[in-house]
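Here is what each chain is made of, one letter per residue.
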Amino acid sequence: MPPSLVNLTIDGRKVAVRKGTTILEAARQVGSHVPHYCYHPGLSSPAMCRLCLVEVEGASKPMPSCVTTVQEGQVVRVNSEEAVGHREGVLEFYLVNHPLDCPICDMSGECDLQDYVHYGGRERGRSQEPKRVFGRDDFGGDVLFYGDRCVMCTRCVRFMSEVEGDERLTVVERGDRAVIDTFFEEGLEGTNWHGNIVDICPVGALLSKDFLHKARAWDLEHSPSVCTSCSQGCNVELHVRDNLVQRIKPRENLAVNGWWMCDHGRHNYEWMNRGGRLQEPYARVRSSSTGNGSSANGSSGNGSSPNGAGRSSWSATLSRVRDALIAARGGAGTLAVASPFLSNEDLAALVRLVDALGGGRVVYRSRRAPDENVLKGFPQLARRRDLAPNTTGLGLMGAKRVGDDDGAGGLDRVAGHDGVVIVVGDALHDQMDDFAASASAFIYAGSHAPPSARSAHALLPVTTFAEQEGSFTNLDGRVQRFSPALIPPGSARPPWFVLGALAASMDGGEMARSTAEAFAALSASSPAFAGLDFEALLEGGAMAKTEPARGEGR
């Protein structure tokens, strides 16, 4: 047995854990949950809630498991009659002043107090005294405080002081009048990480204004995902009801974001619910004499897109696009514009298509913040300057950044190109309506049809990251998977599927039928992703070989 390990027995099960591990964490490793409020793995442990008391053989009194470290030969009983009795007594005290308002509390369904009382509390309280009343307070920012529900675990106070490094919350008064409060009129407005105190509140004392009364917890579907608001790659969950993202919560990954995420990323989700989507593929044949288009099926009435192209089936559209690309191949070359919100699999399919056309140049545009915003108590986490999730993936595949820090400009050469132009995901918000009007073939793939795509030979509806499976590469080169959370509209398909089908029809290679196959093709073709297994990416991700390719332009 290595000397750094300690042997002990927890509820009759022998376990070996690292020296210095607390009993609470040791119990967790063997699947025995110890109820607790004040303990959080990302914060200091004040041992003040007294709910994690366990029986330790030889000890004169029950021990708080969150601060008691394991000892060689120790015998711990988490669920003995004595330990359960202590917790039952503590829970009864918590309910003396806690309102019985679960039916209207936003935390109902994910409240620790609710769960603990259900599993280990008394059937009826014995208190005859009136409950203490504090009412509601607006803490500023996105946070509302319901003082009557607070169990005084002080997680929120410790997060602000220890992790965010901004001591705007404190405990005032004493005894049963103690309450969490801000300093006079200085609330949480202006801080950048305070949404995390809502996540770590074990009861419904701290609630999000943005999510207030939106949905019940049990109606939400949770999908593991990756935040797209910057290049940090925070692991998150998308919480969805009625095919709409209702909120974003951080997901634990100690190598990337710990347990936290910034407020910017937390509230940047409404774009995933935006309507007016491009739902069907459109294709048309452009007149060489006038530059105006007629629909592929010869009509421009019902079924026409805003740019006059006719609605078509996927097979007919891809066949027509393939013919147009083959006719244009070998001319003035190919210029492609990619979005930094595309997945690695999408980008690999785009690069393959460009190569099938004889090679060309892939560029992208991305917004950049003036500075990074570092979380002081967990400095490996920051809201990064690059405000897109996959700029590193683009760099690894040879794409070059163009334009300014507002994600605009840089496309003059593409706009006037008379060869093949392919745009995937970029909204072209700053471009004129005659963008790429002189291109021999102009293919636009996106979630919406912008006015600047008016000259496109084909409009191809593709999914957003929230509607598909895939992977991003964060700024450190960590490749991480995300899962679909929303049902895509109409006939929208993942970009890797659409572009891969076109590429396969032109180079004669295999077409990927699943995201795993698309990633496998990427792994086989790109040295930076060589040896990575798609199935192994979901938990924690894996590192790409970033150094050789980082910063190189295509």
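Now for a quick tour of the structure. The structure presented is a predicted model; accordingly, all values stated were derived computationally and were not measured.

What counts and what doesn't
Residues numbered from 1 in each chain as written. Predicted model: local features only at pLDDT ≥ 70, side-chain atom pairs only at ≥ 80, totals over all residues. Heavy atoms only, no water. Helix = DSSP H or I, 4+ residues; strand = E, 2+ residues; numbered from the N terminus. Buried < 20%, exposed > 50% of the residue type's maximum accessible area, 1.4 Å probe, protein only. Areas by Shrake-Rupley, 256 points an atom, 1.4 Å probe, with all protein chains shown as cover. Lys, Arg positive; Asp, Glu negative; His and termini not counted. Charge placed at Lys NZ, Arg CZ, Asp CG, Glu CD. 1 Å grid on protein atoms, 1.4 Å probe; cavity = no way out; pocket = protein on both sides within 12 Å on 5 of 7 lines; lining within 4 Å. Points joined across faces, edges and corners; volume = space filled by probe spheres on them. Nonpolar A, V, L, I, M, F, W, Y, C, P; charged D, E, K, R; others polar. Pairing = 2+ DSSP bridges. Axes fitted to C-alpha atoms, helices over the stretch in contact; angles between N-to-C directions. Polar contact = N/O pair within 3.5 Å; in protein donor to acceptor, adjacent residues only side chain to side chain. Contact = heavy atoms within 4.5 Å. Disulfide = S-S within 2.5 Å. Core = buried A, V, L, I, M, F, W, Y, C linked by side-chain atoms within 4.5 Å. Parallel < 35°, antiparallel > 145°, perpendicular 65-115°, else oblique. Left-handed = near helix turned anticlockwise from the far one by under 90°.

With that settled, the discussion passes to the overall build of the protein. Within the protein, the secondary structure is distributed over 12 helices and 27 strands. Projected onto the principal axes, the alpha-carbon positions of the protein cover approximately 95 × 55 × 40 Å. Counting every position in the protein, which comprises 554 residues, the buried fraction comes to 55%. Counting every atom, the protein has about 24,100 Å² of accessible surface; 50% of that belongs to carbon and sulfur. Separation of charge centres in the protein, based on 57 positive and 67 negative side chains, amounts to 3 Å.

Throughout the structure, instances matching the rule amount to three cavities of 30 Å³ or more. Put simply, the largest cavity is a space of about 90 Å³. If you trace the largest cavity, you find 15 residues lining it, with C150, C153, C156, C201 and L206 closest to the centre. Residue composition of the lining of the largest cavity, by class: 13 nonpolar, one polar and one charged.

Moving on: the sheet that holds strand β6 (residues 136-140). The antiparallel open sheet is built from three strands, whose spatial order is β6-β7-β10. Only two strands of the sheet have a single neighbouring strand rather than two, namely β6 and β10 (206-208). Adjacent strand axes in the sheet meet at a mean angle of 30°, parallel and antiparallel pairs treated alike.

What follows covers the side chain of R247. Relative to the helices and strands, R247 is located in strand β13 (residues 244-250). There is a polar contact of 2.8 Å between the side chain of R247 and the side chain of H239. Leave out the neighbours within four places in its chain, and R247 touches E110, F211, L220, E237, L238, H239 and Y269.

With that out of the way, let us pick up the environment of P35. Checked against the element boundaries, P35 lands in the loop between α1 (23-29) and β3 (53-56). For P35, a relative accessible area of 12% translates into the label buried. Distance from P35 to D115, taken between C-alpha atoms, is 9.6 Å for residues 80 residues apart in sequence. Those residues within four positions of P35 in sequence are excluded, and the remaining contacts are L51, C52, R87 and Y116.

Time to look at the state of the cysteines. One pass over the structure, following the stated rule, counts zero disulfides. Left without a disulfide partner, C111 is nearest to the cysteine sulfur of C102, which lies 6.3 Å away. Of the cysteine sulfurs around C262, a residue in no disulfide, the closest is that of C230, at 6.1 Å. The buried category is assigned to C262, whose relative accessible area is 10%.

Turning our eyes to something else, we now look at the nonpolar core. Counting residues in each nonpolar core, the largest one holds 61 residues, and the members touching the most others are Y37 and W260. Looking at this core, the elements that each hand over two or more residues are α2 (81-97), α3 (112-120), β7 (143-146), α4 (155-163), β9 (179-182), α5 (195-200), β12 (235-241) and β13. With five residues, α4 is the single largest residue contributor to this core. Among residues more than four places away in sequence, those in contact with W260 are H40, G42, L43, F159, V163, N196, I200, C234, P250, L375, F378 and L381. If you look at the next biggest cluster of nonpolar residues, it comprises 52 residues, including L357, V362, F534 and A544.

A few words on the sheet that holds β12. Pairing in this open sheet of three strands is antiparallel, and the strands run β11-β12-β13 from one edge to the other. The sheet terminates laterally at β11 (221-226) and β13, the two strands that pair on one side only. Taking each pair of neighbouring strands and ignoring which way they run, the sheet shows an average axis angle of 30°. Two strands pair when backbone bridges link them, and β11 and β12 are joined in this way by six bridges, in the antiparallel orientation. Bridging from a neighbouring strand, E221 pairs with V240 of β12.

Trans is the prevailing form of peptide bonds, just as negative phi is the prevailing case for residues other than glycine. For L428, which is not a glycine, the phi torsion comes out positive at approximately 50°. By secondary structure assignment, the location of L428 is in the loop between β22 (420-424) and β23 (441-446).

Here the focus is the side chain of T317. Counting through the fold element by element, T317 comes out in helix α7 (residues 314-328). Those residues in contact with T317, other than ones at most four positions away along the chain, are P281, Y282, A283, S312, A458 and L460.

In this section: the packing of helix α8 (residues 344-356) against helix α11 (residues 495-507). Interaxial distance between α8 and α11 falls to 8 Å at its minimum, and their mutual angle equals 25°. Of the possible angle classes, the one that applies to α8 and α11 is roughly parallel. In terms of crossing hand, the pair formed by α8 and α11 is left-handed. Where α8 approaches α11, its residues E345, D346, A349, L350, R352, L353 and A356 are matched on the opposing element by P495, W496, L499, G500, L502, A503, A504, M506 and D507. For the contact of α8 with α11, a count of residues per class yields 11 nonpolar, one polar and four charged.

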